[in-house]
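Listed below are the residues making up each chain.
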Amino acid sequence: MILIPLLGLLAACTPPDEPIVALAVQDGQPVGVLVTCDGDSFSQLSVFENDAGNDQGDHTLISWAVDGTPTSEIVEVHLLGQPPEGWKVRESRDLPASEAGVAVKTEPLTELKPGVRYSLSGSSHHSAISVPFTVSDFARITSDKVLAPTDHDTMKIMSRDTFVGAARDSCA
C-alpha cells in the first residue's frame, strides 16, 4: 500500500540542476560556457538581471537568451553578442499570468552595467545551476579560468579544465 504513493512522489521528481554553465572572460568580454552533456540536444543559454523588479509592483524580466542545437560538446557564447552558428537570439515576450503566476513584462537586456547583479543560466540535456555575477567579477576571471558553481550556494573561480571535468561528471 505504501508503494503506490511513493511511486507517485518519484514520478513527480525532476532531475536536479547541474553545474554545466560557467562564466568566462575573453578579451575583456563575458562569455557563457555550456557543457551540453550529450552534444546534440536542443540547448539554451541566458543572462538576466537579478536587480530588476525591486519594487514589489514591478514584474519585469530583463534578459537575453540564445538557443539552438550545438555542434560540439562545449558551447561558448559571447553574452549579448552574435549567437553561435545555427543558434538564434530568443525574442523577449511577455509572460501571461497563467504561465508565471503573475503577469511578467519582459525587456531585452542590451548591456551589462556596473553595480547590477546578473545570473547566467542554461540547459541542454540537464538544466544548469545559475551563476550569479557582476561586471566587477570580470577582472578576477583570467583567460584560463571561469566562474562556476561548486553547488547551488557556492561559486568559485576555477580552471576551465576543472569546470569541464566536473560538468562532464555531473552529466553521467
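Everything numeric here is computed off the predicted structure, so don't read it as measured data. (Residues numbered from 1 in each chain as written. Predicted model: local features only at pLDDT ≥ 70, side-chain atom pairs only at ≥ 80, totals over all residues. Heavy atoms only, no water.)

Peer 1: How should I be thinking about the state of the cysteines in this particular structure?
Peer 2: The term disulfide refers to a covalent linkage connecting the sulfur atoms of a pair of cysteines. Summed over all chains, the structure comprises one disulfide. Between the sulfur of Cys37 and that of Cys171 lies a disulfide, 2.0 Å long from S to S. Taking the torsion about the S-S bond as the criterion, the Cys37 to Cys171 disulfide, at about -65°, is left-handed. Of this pair, Cys37 sits in the loop between β2 (29-35) and β3 (43-49) while Cys171 sits in helix α3 (residues 160-171), and the two are 134 residues apart along the sequence. The exposure classification of Cys37 matches that of Cys171, with both residues buried. (Disulfide = S-S within 2.5 Å. Helix = DSSP H or I, 4+ residues; strand = E, 2+ residues; numbered from the N terminus. Buried < 20%, exposed > 50% of the residue type's maximum accessible area, 1.4 Å probe, protein only.)

Peer 1: Hey, could you run me through α3 in this one?
Peer 2: Since one α-helical turn is 3.6 residues long, residues separated by three or four positions face the same way. Taking 1.5 Å as the rise per residue, α3 with 12 residues should run 16 Å; its terminal C-alpha atoms sit 17 Å apart, in good agreement. Of all the positions in α3, only Phe163, Val164, Ala167, Ser170 and Cys171 are classed as buried. Viewed along the axis of α3, the buried residues span an arc of 125°, placing them on a single side of the element. Opposite the buried face of α3, by more than 90 degrees, sit the exposed residues Asp161 and Asp169. Each element contacted by the buried residues of α3 is listed here: β1 (21-26), β2, β5 (74-78), β10 (145-149) and β11 (155-159). (Expected span 1.5 Å × (residues − 1). Arc of directions from axis to C-beta. Contact = heavy atoms within 4.5 Å.)

Peer 1: Can you help me understand the packing of aromatic side chains in this one?
Peer 2: The relative placement of two aromatic rings is captured by the distance of their centres and the angle of their planes. In total, this model carries two aromatic pairs according to the counting rule given. Through successive ring pairs, a cluster of aromatic residues spans Tyr118, Phe133 and Phe138. (Phe/Tyr/Trp six-rings, centres within 6.5 Å; stacked < 30°, edge-to-face > 60°.)

Peer 1: Honestly, the environment of Ala139 in this entry has me stumped. Any pointers?
Peer 2: Mapping Ala139 onto the fold places it in the loop between β9 (131-133) and β10. Separated by 111 residues in the primary sequence, Ala139 and Gly28 place their C-alpha atoms 8.0 Å from one another.

Just geometry here; none of it tells us what the structure is for.
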